[in-house]
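Chain residues, written in single-letter form:
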Protein chains: 2
Amino acid sequence: METKGAAAASVTIRFDKSGEPGVKLYSYFRSSASFRVRIALNLKGVPFEYVPVHLVKNEQFAADYRELSPDGLVPVLSDGDVSLPQSLAICEYLEETRPEPAILPADPIGRAQVRALALIVACEIHPLNNLRVLRYLMRQLGIDEVAKDDWYRHWVENGLLAFERQMIAFDGGHRFCYGDTPTLADICLIPQVFNGQRVNSDFSQMPRITEIFERCMALEAFKRAAPSVQPDSA
Amino acid sequence: METKGAAAASVTIRFDKSGEPGVKLYSYFRSSASFRVRIALNLKGVPFEYVPVHLVKNEQFAADYRELSPDGLVPVLSDGDVSLPQSLAICEYLEETRPEPAILPADPIGRAQVRALALIVACEIHPLNNLRVLRYLMRQLGIDEVAKDDWYRHWVENGLLAFERQMIAFDGGHRFCYGDTPTLADICLIPQVFNGQRVNSDFSQMPRITEIFERCMALEAFKRAAPSVQPDSA
């Protein structure tokens with residue numbers, strides 16, 4: 001277990017491989033976009049320094065953070081001199097700079113199918129359940145907690161049902177979302193399932209997602225990326 | 001000008017290059033995700049058959065379309081035997097199967113920066129302004145037209161301001177979003193500007209986006225992809 005409660009300070013997390021100094025992840029334990037990058041880094045065995053950015057305390061709007069991330073979002077990956085936002089762009093960057101083990105298939109059709117699954121989560125579900133969107137619904141539109149949770153569950157359940165159908169339409173019989181090893185699709189799916197569980201989403205119509213979730217969460221790379229074991233998880 | 005009003009039938013649009021039969025784009029003229037793929041196909045000179053799917057008439061929920069697209073979204077690209085959803089996955093697929101002219105830079109950092117800009121549009125702006133989201137706001141949450149347009153403008157203006165800042169942070173002095181030729185970032189930006197214009201968004205704080213918009217819309221590949229010149233534009 002890592003050191004807890006170091007909300008403002010940075011915390012170095014060491015993994016099995018070493019020799020890649022200079023990789024920092026600006027992350028919030030509960031951000032599912034940060035969670036995706038934590039999984040990708042772990043799968044590829046890239047050691048990184050974990051820098052917590054507390055979204056509920058609005059640390060993402062601090063001037064020095066806005067220099068790294070003009071739109072005040074997490075995650076940001078710093079790799080030496082370069083700082084990159086947007087979790088999927090970061091994952092593709094990691095795939096291009098640390099190709100092994102691969103998180104995308106080798107053939108263009110397989111790559112497109114994995115990316116399409118990842119984008120169902122990243123474009124059709126997650127943006128609607130972002131903290132800032134929920135804040136707008138409550139503050140500007142005046143909706144209550146019940147309506148907010150209904151909204152959240154609606155997009156999670158509809159989106160993940162579409163994910164399940166699309167995954168089966170692409171190819172039904174593998175151990176993970178695509179093939180026998182975790183890909184970018186699993187990297188996006190698992191954090192979204194965590195989010196769905198937080199609002200008691202109904203997963204009963206998603207047997208394949210449920211199975212893949214259990215299989216992924218048995219892996220060290222996913223376990224170590226979970227919100228509850230991050231240094232800023234209070 | 002292409003044939004108009006062929007809402008149900010498919011319409012073959014011929015471009016300058018030929019010899020790639022079997023590419024079909026399932027599209028709705030006003031869908032900005034479809035618009036992205038139309039630009040990418042045009043930039044790469046890929047001829048395609050345009051198949052209109054009328055979202056307001058709910059044609060995306062027809063059983064035969066749901067076989068192509070389990071989540072009932074446009075666009076879908078059919079390339080020979082394979083059908084692919086999700087506009088960014090389609091663009092990456094086109095880049096891998098028709099590499100010239102490139103819509104991503106050659107180096108991993110440049111590629112990550114272009115993808116990050118594209119994802120600001122695809123993950124932070126567009127999902128909040130989707131037809132189905134606007135329908136939920138009006139039908140389930142009972143908001144009126146004024147509140148709906150405020151919502152729409154809020155996410156467009158905040159998102160594009162973040163885009164402008166991020167683009168400048170990456171690199172300030174090129175003709176397009178990144179470098180001197182259009183990339184995936186321009187492919188995502190331009191349709192989003194069209195959407196913003198529809199709700200009278202304020203672009204006065206976005207001089208660089210405004211300049212790039214004009215430069216792109218002077219190009220044939222962008223002009224031919226515009227909503228108003230699609231066969232299903234009534």
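Quick notes on the rules
- Residues numbered from 1 in each chain as written.
- Chains lettered and ligands numbered in written order.
- Predicted model: local features only at pLDDT ≥ 70, side-chain atom pairs only at ≥ 80, totals over all residues.
- Domains from an automatic or database assignment.
- Contact = placed C-beta atoms within 7 Å.
- Helix = DSSP H or I, 4+ residues; strand = E, 2+ residues; numbered from the N terminus.
- Nonpolar A, V, L, I, M, F, W, Y, C, P; charged D, E, K, R; others polar.
- Least-squares fit on C-alpha atoms with pLDDT ≥ 70 in both.
- Pairing = 2+ DSSP bridges.
- Core = buried A, V, L, I, M, F, W, Y, C linked by C-beta atoms within 7 Å.
- Buried ≥ 20, exposed ≤ 12 C-beta atoms within 10 Å, placed from the backbone.
- Axes fitted to C-alpha atoms, helices over the stretch in contact; angles between N-to-C directions.
- Parallel < 35°, antiparallel > 145°, perpendicular 65-115°, else oblique.
- Left-handed = near helix turned anticlockwise from the far one by under 90°.

## Describing the domain arrangement of chain A
Residues and elements named next belong to chain A. Here chain A is partitioned into domain 1 (11-101) and domain 2 (108-220). Taking the mean C-alpha position of each, domain 1 and domain 2 sit 21 Å from one another. Facing the 11 residues of domain 1 at the interface are 14 residues of domain 2. Going through the elements one at a time, α1 (32-43) and α3 (87-97) are the ones with two or more residues in the side of domain 1 that touches domain 2. Taken together, the residues that form the side of domain 1 that touches domain 2 break down as nine nonpolar, one polar and one charged.

## Some points on the relation of the copies chain A and chain B
Of the transformation placing chain A onto chain B, the axial shift is 0.0 Å and the rotation is 180 degrees, giving an RMSD of 0.0 Å. In the structure described here, the two chain copies are related by an operation that fits a two-fold rotation axis. The rotation axis passes nearest to the C-alpha of A:Cys123 in chain A, at a distance of 2.5 Å. In this assembly the copies share their binding face: 97% of the residues contributing to the interface of chain A also contribute to that of chain B.

## Concerning the pairing of strand β4 (residues 76-79) of chain B
Residues and elements named next belong to chain B. Here strand β2 (residues 23-27) pairs with β4 via four bridges, running antiparallel. Residue Lys24 lies in a different strand from β4, and its bridge partner there is Ser78. Relative to strand β5 (residues 82-85), β4 is paired through four bridges, and the arrangement is antiparallel. Its bridge partner being in β5, Val76 is matched across the sheet by Pro85. Hairpin geometry of β4 and β5 is characterised by an intervening segment of two residues between the two adjacent antiparallel strands and by a positive phi of about 65 degrees at Gly80.

## Focus: the nonpolar core
If you look at the biggest cluster of nonpolar residues, it comprises 141 residues, and the most contacted ones within it are A:Ala118, A:Leu189, B:Ala118 and B:Leu189. Non-local contacts of A:Leu189, meaning those with residues more than four positions away in its chain, are made with A:Val121, A:Phe163, A:Cys177, A:Ile209 and A:Ile212.

## Considering the packing of helix α1 (residues 32-43) of chain B against helix α7 (residues 184-198) of chain B
All names here are of chain B. Viewed as axis vectors pointing N to C, α1 and α7 meet at an angle of 140 degrees, and their least axial separation amounts to 9 Å. The orientation of α1 with respect to α7, classified from their angle, is oblique. For the crossing formed where α1 meets α7, the hand is right-handed. Between α1 and α7, the residues in contact are Ser32, Phe35, Arg36, Ile39 and Ala40 and Ile187, Cys188, Ile190, Pro191, Gln192, Phe194 and Asn195, respectively.

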